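Listed here are the chains, written in short residue letters.
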Amino acid sequence: MRARHTASLGQFESVVSKTMEVARDVKVAQRLWDGDARLWTAKDEDLWLGWLDVFGQQRAEIPRLREAAEEIRRAGFSDILILGMGGSSLCPEVLRMTFGRLPGYPELHVLDSTVPAQVKSFKDRLDLSKTICVVASKSGGTSEPNAFRNYFYSRIQDVVGPEEVGRRFIAITDPGSMVEIDAQERGFRYIFHGVPSIGGRYSALSNFGMVPAALMGIDPERLLERAELMAQSCAAYAPPDKNPGTKLGITLAELAKSAHDKVTIITSPGISHLGAWLEQLLAESTGKSGKGLIPVDMEPLGTTEVYGLDRVFVYVRLTSEPDPEQDRIVGGFEMGGHPVIRIAVPDRYDIGAEFFRWEFATAVAGAVLNVNPFNQPNVQESKDYTKSLTDEYERIGAVPTESPVMEADGLKVFTDRHNAVELAKGIAGASLESCLQRHLNRISLNDYVAINAYLEMNSENHGLLQAIRRCIRDNKKVATTVGYGPRFLHSTGQLHKGGPDSGLYIQLTSDDMEDLPIPGRGFTFGVLKEAQSTGDFLALSTRKRRIIRVHLPSDVPAGLNRLQQAIEAVFA
């Protein structure tokens, strides 16, 4: 096996070893490969295991993948724009950031945000006459990819004309979906099928990952070869302590059961965006029934003393391009007594092996936690709220309005009745600082703070959000996450609603500098974004989660700067 896995678990070595023995006795790996739903909750888990043996089917697709990649390259396209959400977009994003632009091939981009500024940024910076769009939607019914498709179909048609526009699109979707039907009607250049028995977050090694890989010049066969070697290491006959997937899954689940559920992901710079994919896989698969692994991705590294005792650090180290500073810091975590798992990844193509290792490990963790790792029972709730709000907007031309509990310096704070009562306790005053202080004072031991930002994802905004989370982490000694909406709804959104009630939420929204229409719908991207953030808030509110919404002006960096100042003042 190329990718090695070691762990320093301290006092938890014994409990993990005991569960390994149980896993050997009850044949966990064999039952997983056999599709025994009783390993989990005896529901429909056996219907979602197509990812275990995807290799033969996917290898048969390689000639067509190479044909498409060569055709796109020869046609002179400069850019590929993935239009997706959740599992259909996160793997391509990892590949884009891991491999970059390869010589002689188009550059890959990923759009998975309904924030108007994000959509506009792609429209403005891409040459649409040389861009091919890939609509990636497993079910075909996800609202965001359909909105992206309609918008860019209209924009590209304006550039190349109605006869040519269909040839500027590719679809990846399950057989018979509405996206496939639409693609056939519009004359898309290619249609690639997903595997119905593979859920979106387990689809990295299917066409949802391999089509974008091939189009951007990555060798899909090489990725699959590395993944298949890992699958062989995770074989049914491999003892749990020698099976990399079983070993990792048991370790993470047992640590979570021992109050070390904040899975803090540290990745080498060359594979830094693997964490976003892992975040979705872990959170959406295990965050239900009041349980769950809480992945912490991209949190700035700090000294040992700023971390609580609820952490497990997972260091995914690219051995061909290591970061000495990361090595030093992770060594300090071990010396400080924190559980540390080290995974050595030989080179960038071994990310294929990591896709399989973590899928297998997540399925095993689900078995240990006694949850179904293949469903997402609470994701639909936010979608239903969103649909109700957009339907209402199409009917009456408006969405419901709210009154802020506090307004100052261009920022407005909103919350629900339950949280308003809690925020009224204790500290006097109606300033932004006092409001934030009351909210942050509700943090308890082993909690985490989730910043859910329905904002454009760019370097300036991201830097400010990282500074805010670092300030909270360093002062409250709690884990912090940053999710960009609506993308996180298909990732950590399930965990927020179905997982443990240990999250304190700060939702961020903003006015839009400019809005964009969605062709064929009676609302705009700005209205869709607002409906999604409101639906998310309502879904959390019904569970009495601790949440506030801070609404920023259209000058988002200025608003984030003011928020950062207020949070720093709280801890001054």
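Quick note: structure is the one above.
Residues numbered from 1 in each chain as written. Predicted model: local features only at pLDDT ≥ 70, side-chain atom pairs only at ≥ 80, totals over all residues. Heavy atoms only, no water.

Next up on the list: the environment of Gly166. Note on placement: Gly166 falls in the loop between α6 (143-160) and β5 (169-173). Between the C-alpha atoms of Gly166 and Leu102, which are 64 residues apart in sequence, the distance is 26 Å. The contacts of Gly166, once residues within four sequence positions are left out, are Tyr153, Arg186, Gly187, Phe188 and Arg189. (Helix = DSSP H or I, 4+ residues; strand = E, 2+ residues; numbered from the N terminus. Contact = heavy atoms within 4.5 Å.)

Counting residues in hydrophobic clusters, the biggest one holds 95 residues, and the most contacted among them are Leu32, Trp51, Leu95, Trp277, Phe355, Phe356 and Trp358. Considering each element in turn, this core owes the most residues, 12 residues, to helix α13 (residues 351-369). Look past the residues within four positions of Leu32 in its chain and what remains in contact with it is Leu39, Trp40, Leu49, Trp51, Leu52, Phe360, Ala363 and Val364. (Core = buried A, V, L, I, M, F, W, Y, C linked by side-chain atoms within 4.5 Å. Buried < 20%, exposed > 50% of the residue type's maximum accessible area, 1.4 Å probe, protein only.)

Along the chain, the position of Arg328 falls in helix α12 (residues 324-335). On the basis of relative accessible area, Arg328 is assigned to the exposed category, the value being 53%. Of note is the side chain of Arg328, whose polar atom sits 2.6 Å from the side chain of Glu325. (Polar contact = N/O pair within 3.5 Å; in protein donor to acceptor, adjacent residues only side chain to side chain.)

Between helix α11 (residues 274-286) and α13, the least distance of the axes is 10 Å, while the angle of their chain directions is 20 degrees. When the interaxial angle is binned, α11 and α13 end up roughly parallel. Pair α11 / α13 crosses with right-handed handedness. Residue-level inspection shows Leu274, Trp277, Leu278, Leu281, Leu282, Ser285 and Thr286 of α11 in contact with α13, the latter providing Ile351, Glu354, Phe355, Trp358, Glu359, Thr362 and Leu369. (Axes fitted to C-alpha atoms, helices over the stretch in contact; angles between N-to-C directions. Parallel < 35°, antiparallel > 145°, perpendicular 65-115°, else oblique. Left-handed = near helix turned anticlockwise from the far one by under 90°.)

Across the sheet, which stays open at both edges, the five strands sit in the order β3-β2-β4-β5-β6 with parallel pairing between neighbours. The open sheet terminates on both sides in strands that have one partner only, identified here as β3 (107-111) and β6 (190-193). Looking at each pair of strands side by side, their axes are set apart by 20 degrees on average, direction ignored. Strand direction decides the pairing type here: strand β4 (residues 131-136) and β5, joined by four bridges, are parallel. (Pairing = 2+ DSSP bridges.)

Omega for the peptide link from Gly485 to Pro486 comes to 5 degrees, which places this bond in the cis form. Structurally, the position occupied by Pro486 is in the loop between β14 (479-484) and α18 (492-498). Residues other than glycine seldom take positive phi values, yet Ala259 does so here, at roughly 70 degrees. You can see Ala259 is positioned in the loop between α10 (244-257) and β7 (262-267). Given a relative accessible area of 38%, Ala259 falls into the partly exposed group.

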